[in-house]
Amino acid sequence: MPEVILQLTWPDGRQTTLYSPSTVILQHLQPGERLPVAELQQRAERALGEASERVRARYGFACTRTDEERSKLRHTATAYAADQFVTISAA
């Protein structure tokens, strides 16, 4: 499965990466988008869930790294207000 790594630039300029084991994430998050933190979280959670299920369908087990990515994203997002903006770019 082709993996995707997106770079997130948070409101204070901090940069993190978001890993997905599947290109399905690009149906939810696109490089060049600028989203409120709350919307980014919603879309990323849904995308990572779908990516993990694609791994399960192909290999017979879910991708545990997507759980780690969700946790990392939630933790980082707590430092910002829900209406502050995050910019997505290709890593």
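Cut-offs applied
Residues numbered from 1 in each chain as written. Predicted model: local features only at pLDDT ≥ 70, side-chain atom pairs only at ≥ 80, totals over all residues. Heavy atoms only, no water. Helix = DSSP H or I, 4+ residues; strand = E, 2+ residues; numbered from the N terminus. Buried < 20%, exposed > 50% of the residue type's maximum accessible area, 1.4 Å probe, protein only. Contact = heavy atoms within 4.5 Å. Areas by Shrake-Rupley, 256 points an atom, 1.4 Å probe, with all protein chains shown as cover. Lys, Arg positive; Asp, Glu negative; His and termini not counted. Charge placed at Lys NZ, Arg CZ, Asp CG, Glu CD. Axes fitted to C-alpha atoms, helices over the stretch in contact; angles between N-to-C directions. Parallel < 35°, antiparallel > 145°, perpendicular 65-115°, else oblique. Nonpolar A, V, L, I, M, F, W, Y, C, P; charged D, E, K, R; others polar. Core = buried A, V, L, I, M, F, W, Y, C linked by side-chain atoms within 4.5 Å. Pairing = 2+ DSSP bridges.

Asker: Tell me about the overall build of the protein, and please be specific about residues and values.
Answerer: Of regular secondary structure, the protein possesses 2 helices and 4 strands. The N-to-C order of helical and strand elements in the protein reads β-β-β-α-α-β. Its C-alpha atoms put the protein at 40 × 20 × 15 Å along the principal axes. Counting across all 91 residues of the protein, residues that qualify as buried make up 41%. Put simply, 62% of the contacts in the protein that link residues at least 6 apart link residues at least 24 apart. Element-wise, carbon and sulfur atoms account for 48% of the exposed surface of the protein, whose accessible area totals about 5000 Å². Measuring between centres, the 11 positive side-chain charges of the protein sit 3 Å from its 11 negative side-chain charges.

Asker: Describe the packing of helix 1 (residues 37-59) against helix 2 (residues 64-77), listing the residues and the values that go with them.
Answerer: Two numbers describe how helix 1 lies on helix 2: the axes approach to 10 Å, and their chain directions differ by 175°. Our classification of the angle between helix 1 and helix 2 gives roughly antiparallel. Within the contact between the two elements, helix 1 uses Val37, Leu40, Gln41, Ala44, Glu45, Leu48, Gly49 and Ser52 and helix 2 uses Thr66, Glu69, Arg70, Leu73, Arg74 and Ala77. Looking at side-chain class alone, the contact of helix 1 with helix 2 contains 6 nonpolar, 4 polar and 4 charged residues.

Asker: Can you break down the nonpolar core residue by residue, with the values?
Answerer: If you look at the biggest cluster of nonpolar residues, it comprises 18 residues, and the most contacted ones within it are Leu8, Trp10, Leu18, Ile25, Leu29, Leu40 and Ile88. The set of elements that each furnish at least two residues to this core consists of strand 1 (4-9), helix 1, helix 2 and strand 4 (85-90). Sorting elements by how many residues they give to this core places helix 1 first, with 5 residues. In this view, Leu8 contacts Arg14, Gln15, Thr16, Leu18, Leu40, Leu73, Val86, Thr87 and Ile88; residues no more than four positions away in its chain are not counted.

Asker: Explain the sheet that holds strand 2 (residues 15-20) to me, using residue names and the numbers behind them.
Answerer: Taken together, 4 strands build an open sheet; the order of strands is 2-1-4-3 and the sheet is antiparallel. Whereas interior strands pair on both sides, the edge strands pair on one side only; in this sheet they are strand 2 and strand 3 (34-36). Neighbour to neighbour, the strand axes of the sheet diverge by 35° on average, direction disregarded. The sheet strands contacting helix 1 are strand 1, strand 2, strand 3 and strand 4, and the helix crosses strand 3 at an angle near 105°. Strand contacts of helix 2: strand 1 and strand 2, with the helix running at about 155° to strand 2, the strand carrying the most contacts.

Asker: With reference to specific residues and values, describe the pairing of strand 2.
Answerer: Bridging between strand 1 and strand 2 involves 6 bridges; their strand directions are antiparallel. Note on strand 2: the bridge partner recorded for Gln7 is Thr17.

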